[in-house]
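# Survey of secondary and tertiary structure
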Amino acid sequence: SPSFDIGGATVYPGFLDAKAQHAMVADLRDVVARAPLFSPETRFGKKMTVAMTSAGRYGWYSDRGRGYRYEPRHPSGNQWPPIPDSILAVWNAIAADAHAPDCCLVNFYREGAKMGLHQDRDETDFAQPVVSISLGDDGLFRIGGSERGGPTKSVWLRSGDVLVLGGAARLAYHGIDRIKFGTSTLLAEGGRINLTLRVVD
Ligand code: MD3
Ligand code: FE
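Heads up: these notes are all about the structure in this document. Everything numeric here is computed off the predicted structure, so don't read it as measured data.

### A word on the sheet that holds strand β10 (residues 153-157)
One open sheet accounts for four strands, arranged β7-β12-β9-β10; its pairing is antiparallel. A single partner strand is all that each edge strand has here, and the edge strands are β7 (115-118) and β10. Adjacent strand axes in the sheet meet at a mean angle of 20°, parallel and antiparallel pairs treated alike. Inspection of the sheet shows strand β9 (residues 138-143) paired to strand β12 (residues 174-180) by six bridges, in the antiparallel sense. Note on β12: the bridge partner recorded for Leu-140 is Arg-178.

If you want it as structure tokens, here you go:
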């Protein structure tokens, strides 16, 4: 399917059909059963509005004081569950030449949740891309350059869309300004899921 560029990122609209999306949601229900969603606190002790969990060798974690980092275990003390094959298949279709991902961060946006502009730079090799998969309600994605305060562009990400962040876009500032709650029937409970596949180390 045709792709387009936004701020150096490549968007593949409708990369996943309805059947593939439902299969992925079923796999994610197993991930969340083994590694329950939690809302991390920033370094400053402010609770994030997005609920998260992870799959893979590493998971993303943050708490007051120490801030953002990757951890080999869920806060329960258990290892993160493996990344489901349905999700790895997207990486293999789009980023086959890159290293294998060792983290799939699962972001769950309930009504009113958002994510401020930030860079992802806790990984060791910025030559490795990040692949993002959107499921459920529409989300307004914003991307700028590699310096804070520069111009930004926005695009609505819809269920089944896939985004690849490579090259200069890998260090771009980006975030989710808002979601349009109730725009998709994929999730019975409503809301938006974003998966990001990453190479941590
Ligand atoms: C650009 N997630 O988890 S996905 C994140 O929709 C994150 O939940 C957003 O930003 C979400 O860190 C945006 C698109 C995305 C993901 C990773 C990137 C864009 C990116 C890494 C580098 C540059
Ligand atoms: Fe990010």
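### A few points about the site of ligand 1
Neighbouring ligand 1 are 17 residues, the closest being Asn-107, Asp-120, Ser-132, Leu-165 and Asn-194. When residues of the shell around ligand 1 are traced back to their parent elements, those giving at least two are β6 (103-109), β8 (130-136), β9, β11 (162-165), β12 and β13 (192-198). Of the residues contributing to the shell around ligand 1, the split by class is nine nonpolar, six polar and two charged.

### Quick look at the pairing of β8
Taken across its seven residues, β8 has seven buried, putting it largely inside the fold. Where β8 meets β11, four bridges bridge the pair, whose relative direction is antiparallel. Along β11, the bridge assignment pairs Val-130 with Leu-165. As paired strands, β8 and β13 are joined by six bridges and run antiparallel to one another. Its bridge partner lying in β13, Val-131 is registered against Leu-197.

The rules behind each value
Residues numbered from 1 in each chain as written. Chains lettered and ligands numbered in written order. Predicted model: local features only at pLDDT ≥ 70, side-chain atom pairs only at ≥ 80, totals over all residues. Pairing = 2+ DSSP bridges. Helix = DSSP H or I, 4+ residues; strand = E, 2+ residues; numbered from the N terminus. Axes fitted to C-alpha atoms, helices over the stretch in contact; angles between N-to-C directions. Near = placed C-beta within 6 Å. Nonpolar A, V, L, I, M, F, W, Y, C, P; charged D, E, K, R; others polar. Buried ≥ 20, exposed ≤ 12 C-beta atoms within 10 Å, placed from the backbone.

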